[in-house]
Structure formats: structure tokens, C-alpha cells
Amino acid sequence: MTDREHEVAFEPPGPGEWMLDTTHHGRRPLTTAIRRLYMDAFAAVGTMVERYGLPLETIEGRLVHGCTYFRPKPLGEGERPRPAPSDPVLWAVARLHPAMRRANRRAARAWAERAWRADVDRWFERDRVPAIQRLRALQGQDPAALGDRELAEHIDRAAALLRAQAVAAFEDHGGDLVPVGDYLAHCQQWGIAAGD
């Protein structure tokens, strides 16, 4: 067999520009067991997009050969990606388009209230301890000691817990994305490269 016979062809997951997510899983594919569960939970990122008033309909996530790719989908883009409008057109759209105006109001409220702090506080003050307790209870069961039915139920509980935690993580992702993005934008203004 030649190396060419082992090459995997890249098929874009859809129109537009897609980015490989190397942050969460490196360059490795998700296991078959969690692909659907993870991608179903990823839909919760729309909650974060709306809460923070990001000028996006959503952030799409799709799989190619088991690897996760993302594409921010701007408000009003529809199903066919288009080039970004010129700065003057974008300025006008941001102030006149009803969906953009709603997003601007939500963004202003998120900044005024520092919504990312509430997301982080909610995790540490309310959600973290119960999540750890659920995980420890699940880990406290010895799968080798379970019968077939009990093992299947144990696996179902593990999958449900993974899904619930993944949904919560995507919904609250603004707690880290927004302040870090703001910091990087300021670094650019200060002449500090993002890599530094």
C-alpha cells in the first residue's frame, strides 16, 4: 500500500469558512461513542451567543472524519455565506437592522452587568459541587460488579451526565470567551501580538 492510499480527503462540512477546533480535542477525532452527544450539546452555544449579544445567528459545529469544525454564522447571512460588507455598510447595518439592534442592546447589557462574572460565579457557587457529587456517585459504582441491565443503566446515566455538563459548558462559554476576546482586542490596540 502506498501513502496515497491512506490519505483522507477533506470535505468541507458546508459553505463558508470553517475552523478546525484544536483547543478541546487537539487534532484527533472524537470517539464514535460521543460524537452525536457532543454535537447535540454544542447546539447550546446559541444560548451564549444570544445572552452576550454577539452579532451572530449562532456558531455552527460539524464533524469531518470525526474532527470538530466551527463556523461563526453572522446575523442575517442566511444559508449562503457572503463576504463581509464594507465598514460604512456594516456601521449602518449594526444601527438599523432590527436583529442587530437587539443584539447591540443585549451586548450593552452583558457588558454593563459583566455577565461573564455571573456565569463563572454560578459555576463555582451553585453548579460545581452538585456536578462533582453526581460524577463521584457514578464513579462509586464498579461496572464489573453490575449485571447487563444495571450496566446499561450505568452507561445511560454516564451519557446523560456528560450531555448535561457539555450543554452547561457551551451555554456558559461566554464566561471565558468574552473577557479573553476583549483582552486580545485590547492587546492588538496596544501593539501586543495575540501569540505573545
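Since this is a predicted model, take the numbers as computed values, not measurements.

Asker: Even after reading the chapter, I still don't get the overall build of the chain, so can you show me in this structure?
Answerer: Each helix and strand counted, the chain has 7 helices and 3 strands in total. In the chain, the succession of helices and strands from N to C terminus is β-α-α-β-β-α-α-α-α-α. For the chain, whose C-alpha radius of gyration is 21 Å, the value lies well above the compact-globule estimate of 16 Å for 196 residues. The buried share among the 196 residues of the chain stands at 26%. Considering only contacts in the chain between residues 6 or more positions apart, those separated by 24 or more positions represent 62%.

Asker: Sorry if this is basic, but what is going on with helix H5 (residues 115-139) here?
Answerer: Spanning 25 residues, H5 covers 33 Å between terminal C-alpha atoms, matching the ideal 36 Å at 1.5 Å per step. At aspartate 127, H5 is bent by approximately 55 degrees, the largest bend along its length, and proline proline 130 sits one to four residues beyond. Inspection of H5 places Ala115, Trp116, Asp119, Ala131 and Leu138 among the buried residues, and these make up the whole buried set. Buried positions along H5 lie against helix H2 (45-51), helix H4 (98-113), helix H6 (148-171) and helix H7 (174-189).

Asker: Teacher, can you tell me more about the packing of aromatic side chains here?
Answerer: For any two aromatic rings, the description comes down to two numbers: the centre-to-centre distance and the angle of the planes. Applying the stated criterion to the full structure yields 5 aromatic pairs. Measuring from centroid to centroid gives 4.7 Å for tryptophan 111 and tryptophan 116, while their planes differ by 65 degrees, and the two rings are edge-to-face. In this structure tryptophan 111 comes out as partly exposed when scored by relative accessible area, which is 39%. By way of ring pairs, the aromatic residues Tyr38, Phe42, Phe70 and Phe170 are connected into one cluster.

Asker: What is the right way to read a nonpolar patch on the surface from this model?
Answerer: Together, Val180, Tyr183, Leu184, Trp190 and Ile192 line one region of the surface with nonpolar side chains, adding up to about 520 Å² of accessible area. For leucine 184, a relative accessible area of 38% gives the class partly exposed.

Asker: When you look at a positive patch on the surface in this model, what are you seeing that I'm missing?
Answerer: Positive charge collects at one region of the surface, where Arg101, Arg102, Arg105 and Arg109 lie side by side. Looking at the element boundaries, arginine 109 is found in helix H4. We classify arginine 109 as partly exposed; its relative accessible area is 44%.

Reading guide: rules and limits
Residues numbered from 1 in each chain as written. Predicted model: local features only at pLDDT ≥ 70, side-chain atom pairs only at ≥ 80, totals over all residues. Heavy atoms only, no water. Helix = DSSP H or I, 4+ residues; strand = E, 2+ residues; numbered from the N terminus. Rg over C-alpha atoms; globule rule 2.2 N^0.38 Å. Buried < 20%, exposed > 50% of the residue type's maximum accessible area, 1.4 Å probe, protein only. Contact = heavy atoms within 4.5 Å. Expected span 1.5 Å × (residues − 1). Bend = angle between axes of the 7 residues up to and from the residue. Phe/Tyr/Trp six-rings, centres within 6.5 Å; stacked < 30°, edge-to-face > 60°. Patch = residues over 30% accessible without salt bridge, like charges linked within 9 Å, V, L, I, M, F, W, Y side chains within 5 Å. Areas by Shrake-Rupley, 256 points an atom, 1.4 Å probe, with all protein chains shown as cover. Salt bridge = Lys/Arg side-chain N within 4 Å of Asp/Glu carboxyl O. Lys, Arg positive; Asp, Glu negative; His and termini not counted. Charge placed at Lys NZ, Arg CZ, Asp CG, Glu CD.

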